[in-house]
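Below, each chain spelled out in residue letters.
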Amino acid sequence: MATVALPQVDAVRMTDPRKKRLSPWKLWGALLLAPYVVIFIVFVVYPVGYGLWLARHPQSYVQLANDPVFAEAIFNTLVFLIVAINLKMIAALLLSGFFVTARPWIKWLSVLFILPWAVPSIPTILSIRFMLNPEWGLINSLIFRFTGADGPNWLNDPWLALSIAMLVHIWKSLPFWTLILVAGRLAIPAEHYEAASVDGATTWQKFKYITWPSMRTLYLTCTILSMIWTLGDFNSVYLLTGGGPADLTHVLATLGIRYLRLDQVDLSMAAIVVALPAVLPLVYFMMKRLSK
């Protein structure tokens, strides 16, 4: 029987040339994402990397630790976080119960309540600073008109100045967190409160057994996020007191600006890097809470 010898052909792995090229949708997606990637690299990756490179010398942290203003700034930051954030979030929780009430005049009042958060920080905080001027400020002028006595030098006392800065921070950011908690309250089914009313539950019992269990995760997440933002908030202190008097009201967010004005860029970056061990755990914990 005759056989036909076939030429041996090396096994070649055939590939579809279309798979090597991007599809039109992927190509357009890459083109549209490219500007955002460039902006992210230029304005986020490069500044952060350059700042870490400037703060790479251990001697910068030694000088920072030997500066008494640094220790004062850490103490002021802790006071700011503990006092201002807790007062702000507790007030936001209470006010959310007020603004969730379905009444027409409350809706109009909520518009006025949102204004401090909606308007820019620079003109509002500078206006408050002008009002607190000891010589021609509005507050001391009213005190002199009604009592005949001179008002205090509000921003010359460190504790009074820091307290006013915390009040300004609370006043400026309170509407935002109140709105977030109002949204959390509106997400609770009304049937739960109706059933509790039928059972004769008081207002406190409704809050304890219905409102708080439903909003506990949201409240904790908002508190952590507020701590992160407050660590980076320098407007409330820098625009109001400038870190004075005698650099006694500086927080970590404004301490970097102080060193920049003194032409000590390495210490400025080191002051920012020092805050990272406090920020990163908060970010990690918040993301863990959101992922549940």
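Structural notes, computed from the coordinates. (Residues numbered from 1 in each chain as written. Predicted model: local features only at pLDDT ≥ 70, side-chain atom pairs only at ≥ 80, totals over all residues. Heavy atoms only, no water.)

## Side note on the pattern of salt bridges
Applying the stated rule across the entire model yields 2 salt bridges. Its salt-bridge partner being R258, residue D67 comes within 3.3 Å of it at the nearest N-O pair. Here R258 lies in helix α12 (residues 252–261) and D67 lies in the loop between α3 (58–66) and α4 (68–99), a separation of 191 residues in the sequence. Grouping residues by exposure puts D67 and R258 together as buried. One continuous salt-bridge network, built from bridges that share partners, spans D67, D247 and R258. (Salt bridge = Lys/Arg side-chain N within 4 Å of Asp/Glu carboxyl O. Helix = DSSP H or I, 4+ residues; strand = E, 2+ residues; numbered from the N terminus. Buried < 20%, exposed > 50% of the residue type's maximum accessible area, 1.4 Å probe, protein only.)

## Let's talk about the packing of α4 against helix α10 (residues 203–231)
Packed helices, taken two at a time, are described by their axes: the angle between them and the distance between them. Between α4 and α10, whose axes approach to 10 Å, the crossing angle comes to 145 degrees. When the axes of α4 and α10 are compared, the crossing they make is right-handed. Only F207, W212, M215, Y219, C222, T223, S226, M227, T230 and L231 of α10 make contact with α4, whose side of the interface consists of T77, F80, L81, I85, K88, M89, I90 and L93. The residue inventory of the contact of α4 with α10, partitioned by class, reads 13 nonpolar, 4 polar and 1 charged. (Axes fitted to C-alpha atoms, helices over the stretch in contact; angles between N-to-C directions. Left-handed = near helix turned anticlockwise from the far one by under 90°. Contact = heavy atoms within 4.5 Å. Nonpolar A, V, L, I, M, F, W, Y, C, P; charged D, E, K, R; others polar.)

## Remarks on the layout of surface pockets
The computed volume of the largest pocket comes to approximately 470 Å³. A271, I272, V273, A275 and L276 are, among the 20 residues lining the largest pocket, the residues nearest its centre. Within the residue set of the lining of the largest pocket, elements represented by two or more residues are α2 (24–54), α10, α12, α13 (265–274) and α14 (276–290). No other element matches α12, which puts 5 residues into the lining of the largest pocket. (1 Å grid on protein atoms, 1.4 Å probe; cavity = no way out; pocket = protein on both sides within 12 Å on 5 of 7 lines; lining within 4 Å. Points joined across faces, edges and corners; volume = space filled by probe spheres on them.)

## So, unusual backbone geometry
The peptide bond linking G244 to P245 adopts the cis configuration, its omega dihedral lying at 0 degrees. With respect to the element layout, P245 can be found in the loop between α11 (235–238) and α12. Look at D247: it is not a glycine, yet its phi comes out positive at around 60 degrees. With respect to the helices and strands, D247 occurs in the loop between α11 and α12. The backbone of D263 sits at a positive phi, close to 60 degrees, despite the residue not being glycine. Taking relative accessible area as the criterion, D263 reaches 64% and is therefore assigned exposed.

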